[in-house]
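In case you want the letters, here they are:
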Amino acid sequence: MDVKNSFLRALPAVDRILQEEPLQKIANRIPHGLLLEVSRESIDHFREKIIASSSGEELENLAIDPAVIAAEAAERARLRFFSGLRHVINATGVILHTNLGRAPLAEQAIHAVTSTAGQYSNLELSLESGRRDSRLAHVEGLVCTLTGAEASLIVNNNAAAVLLLLNTLARDREVIVSRGQLVEIGGGFRVPDVMKASGATLVEVGTTNKCYRHDYERAISDRTALLLKVHTSNYRIIGFTEEVSRKELVSLGRQVGLPVVEDLGSGAFYDLTEYGLPPEPTVQECLEEGVGAVSFSGDKILGGPQAGIIVGDRDLIRRLRDNQLSRALRVDKLTIAAMEATLRLYHDHEKARCEIPVLGMLTADTRDLKARADRLLRRLKQQVKAGDWQIMKGTSCVGGGAMPLAELPTYLISYRSGDISAEELMKRLRWGDPPLIARVHQEHLLLDLRTVLPGQEEEIVTVMMKAVNPGE
Ligand SMILES: *Cc1c(COP(=O)(O)O)cnc(C)c1O
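Residues numbered from 1 in each chain as written. Predicted model: local features only at pLDDT ≥ 70, side-chain atom pairs only at ≥ 80, totals over all residues. Heavy atoms only, no water.

Draft legend 1. Looking closely at the overall build of the protein. Along the backbone of the protein there are 21 helices and 15 strands. Principal-axis analysis of the C-alpha atoms places the extent of the protein at approximately 80 × 55 × 50 Å. Put simply, the protein has 472 residues, and 50% of those count as buried. Residue pairs in contact within the protein that sit at least 24 positions apart in sequence constitute 76% of those at least 6 positions apart. (Helix = DSSP H or I, 4+ residues; strand = E, 2+ residues; numbered from the N terminus. Buried < 20%, exposed > 50% of the residue type's maximum accessible area, 1.4 Å probe, protein only. Contact = heavy atoms within 4.5 Å.)

Below, the structure written as C-alpha cells:
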C-alpha cells in the first residue's frame, strides 16, 4: 500500500525525537544512552502500528507526530530509569496476587521489620541466659502455642518446606501420592518435580478423580518412606470423585508404621466459614487428626511474610533441623521479625481479623465495600469527568492458589472512556505513579475496592485523572 509507505517514510529520525520537549525536559536526569534506546523503541512501535493498520482511516488516527512519539519515549524512559520494586495499588480484587507480592503486612509486622532492620537484635542470643540461641526460637514457640504442635520449623517458603520434608524423610526411598493431588502451583512448583529434586521417588496411586485406601495399600513396600497428602489448593476435582480422608490415611500409616505428611498450601489458623468463605482444613485440624508433619505458606491466608512453616512431631522436626539443607533454606531476620509480629496477633482472632490486611480483605463486609465504592465513584465522577462511570455487582477472589472456588461478592466501579481503549487505559494506569493495577471486562475498566488499602483512594483519583487527561 502506497499510503503505508509514505507514512513509514514520514517517521521521524531519532535525532529529531530527541529534540522534542518531552525528552528535553528529562535529558539532564536520565542517561543519554537510555534516551536513545527508548526513542528507537518508540519509533519502532509506531512503525509496527503503521504496518499493522488496515485502512487509511486507521493510519490517519495514528497521529504520527514527533512530539507524540517523544512523549511515549519519555514515558518509557521514566518508567525504566525510576523502575525497580515499588508499591502499586491492587484494584484487581485478587487478594493473594502472587505477581503483586501476595500478603501486605500488618502495621505491627511492618514496625517489627523497620525496628529490626537498622539496628542490632538478639537474633541468635538468648537474653535470658546470655548464651547463643536458635534464631527460630522467636517464632517456634508461638507457632506451637497457636497450632497445638509439639514442634515447628520455619524456612524460606512452602516449596522449600516440602523439599526439606521429602529430602529428610524420603531420600532414596519412595513417597506415595494420590494422582488427584499431583498439583502445579504458579511459579513452577510441581509436586513431581520437587519430589525429583529432593531425591525421593514418586509413586502415584489411584486415578485423577478416584483414589481408595487399597490403592495406597497395594503400593506400600519396604522402600516406602512416607504417605504424602497434598492440598489441591488451586483447583477442585468435582463430580464422580473419591479421596482417602486424612483420618483414614493416618490410620493406614499407623498400621504399617509410616508417617503421613501433608502439604497444606495456604494453611489457615482458624475457620473463616462464618464470613461466607468455603471450609478449609485448619493447621490444628490436620494435627489433631494425626498427621506427622504439616507444611504451609506464611504469605497466603496467614497474611504474613514469605515463609514456609512446618509443624508436627518432635522427632520428625528434629530430623528436619539436623538436615544441612535447613541451613541453606533458613529465613533472614526481617522475615522472623515480621512473622513473629503477625503470629502474635493470632492470639485473639478478632484482633487478627482487624489488624492483618489479608484477613480483613477476606472477611470484608459487602455493605462496607459498596459504601467505599460509592464514595470513590463520586470523587472520580467529579474529577475525571469524561466517560461512563457505573457501580456494579461482581466477585473478588482469594488468589495465590487458595480457595479456588470461593467467590466473594463485591461491588465494582466500572469505567468506559469514550475514546481511550481499555487496553490503552490499563497501560497508562500501569505506567502511573503509583502504578494502578485493575481488571478489564468487555472494554470496561473494573476497580474492586476489596484489595485497595485504606487511604489509597486519593492516589487512585490522581492516577485516573492523569491517565484519562494526559495533557493536563
Ligand atoms: C502455594 C503452595 C505451595 C508453594 O508455597 P510457596 O510458599 O509459594 O512456596 C506448595 N504447595 C501448595 C499446595 C500450595 O498451595
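There is more to say, and it comes next.
Draft legend 2. Quick look at the pattern of salt bridges. The final tally for this structure, using the stated rule, is 30 salt bridges. We note a salt bridge from Asp433 to Arg86, for which the minimum N-O separation is 2.8 Å. Residue Asp433 is located in the loop between α20 (422–430) and β13 (436–437), and its partner Arg86 is located in the loop between α6 (66–81) and β1 (89–90); the two are separated by 347 residues in the primary sequence. Exposure remark for Asp433: the relative accessible area of 56% places this residue in the exposed category. Note on Arg86: relative accessible area 34%, which makes it partly exposed. With a closest N to O distance of 3.3 Å, Arg246 and Glu289 form a salt bridge. Here Arg246 is found in helix α12 (residues 246–256), whereas its partner Glu289 is found in the loop between α13 (283–288) and β9 (293–297), with 43 residues between them in sequence. (Salt bridge = Lys/Arg side-chain N within 4 Å of Asp/Glu carboxyl O.)

Draft legend 3. Spatial organisation of the packing of aromatic side chains. By the definition in use, this model includes four aromatic pairs. Relative to Tyr346, the ring of Phe269 has its centre 5.0 Å away and its plane inclined at 70°; by these criteria the two rings are edge-to-face. Here Phe269, found in the loop between β8 (260–265) and α13, pairs with Tyr346, found in the loop between α16 (333–345) and α17 (349–355); they are 77 residues apart in sequence, far enough to count as distant. Tyr346 shares its class with Phe269; the two are buried. Ring pairing ties together the aromatic residues Phe269, Tyr270, Phe296 and Tyr346, which thus form one cluster. Between Lys370 and the ring centre of Tyr411, over which it is positioned, the NZ or CZ distance is 5.6 Å. (Phe/Tyr/Trp six-rings, centres within 6.5 Å; stacked < 30°, edge-to-face > 60°. Lys NZ or Arg CZ within 6 Å of the ring centre and 35° of its normal.)

Draft legend 4. How the structure looks around unusual backbone geometry. In this structure, Pro434 follows Asp433 across a cis peptide bond, with omega equal to 0°. With respect to the helices and strands, Pro434 occurs in the loop between α20 and β13. Look at Asp172: it is not a glycine, yet its phi comes out positive at around 60°. For Asp172, the location among the structural elements is in the loop between α9 (158–170) and β3 (174–178). Even without glycine at this site, Gln442 takes up a positive phi of about 45°. Looking at the secondary structure, you find Gln442 in the loop between β14 (439–441) and β15 (444–448). For Gln442, a relative accessible area of 64% gives the class exposed.

Draft legend 5. Spatial organisation of the sheet that holds β8. Strands sit in the order β2-β10-β9-β8-β7-β3-β6 across an open sheet of seven strands; the sheet is mixed. Strand pairing shows two members of the sheet lacking a second neighbour, β2 (151–155) and β6 (201–205), which therefore form its edges. On average, adjacent strands in this sheet sit at an angle of 25° to one another, irrespective of strand direction. Pairing of strand β7 (residues 224–230) with β8 involves four bridges; the strand directions are parallel. Bridge pairing in β8 places Leu227 opposite Val260. Contacts from helix α8 (residues 137–147) reach β2 and β10 (308–312), with the element oriented near 125° to β2. (Pairing = 2+ DSSP bridges. Axes fitted to C-alpha atoms, helices over the stretch in contact; angles between N-to-C directions.)

Draft legend 6. Local environment of the state of the cysteines. As enumerated under the stated definition, the model contains zero disulfides in all. The closest cysteine sulfur to the non-disulfide-bonded Cys211 is located on Cys286, 18 Å from its own sulfur. (Disulfide = S-S within 2.5 Å.)

Draft legend 7. Representation of α6 within the structure. For α6, built from 16 residues, the straight-helix expectation of 22 Å at 1.5 Å per residue is met to within 8% by its first-to-last C-alpha distance of 22 Å. Elements that come into contact with the buried residues of α6 comprise α2 (14–18), α3 (21–26) and α4 (32–52). For α6, the N-terminal capping position is held by Asp65, with its side-chain oxygen 2.9 Å away from the main-chain nitrogen of Ala67. (Expected span 1.5 Å × (residues − 1). Polar contact = N/O pair within 3.5 Å; in protein donor to acceptor, adjacent residues only side chain to side chain.)

Draft legend 8. Structural view of the environment of His97. On the secondary structure map, His97 appears in the loop between β1 and α7 (107–117). With relative accessibility at 19%, the residue His97 sits in the buried group. Considered as a pair, His97 and Ala149 are 52 residues apart in the sequence and their alpha carbons are 29 Å apart. Not counting the four nearest positions on each side in its chain, His97 is found in contact with Asn90, Thr92 and Arg102.

Draft legend 9. Seen up close, the sheet that holds strand β11 (residues 388–396). Strand order in the open sheet made by the four strands is β11-β12-β15-β14, with antiparallel pairing throughout. Looking at strand neighbours, the two that pair on one side only are β11 and β14, the edges of this open sheet. Strand-to-strand, the axes of this sheet are offset by a mean angle of 35°, without reference to chain direction. Across the sheet, α20 lies against β12 (408–416), β14 and β15, angled at about 45° from β15, the strand it touches most.

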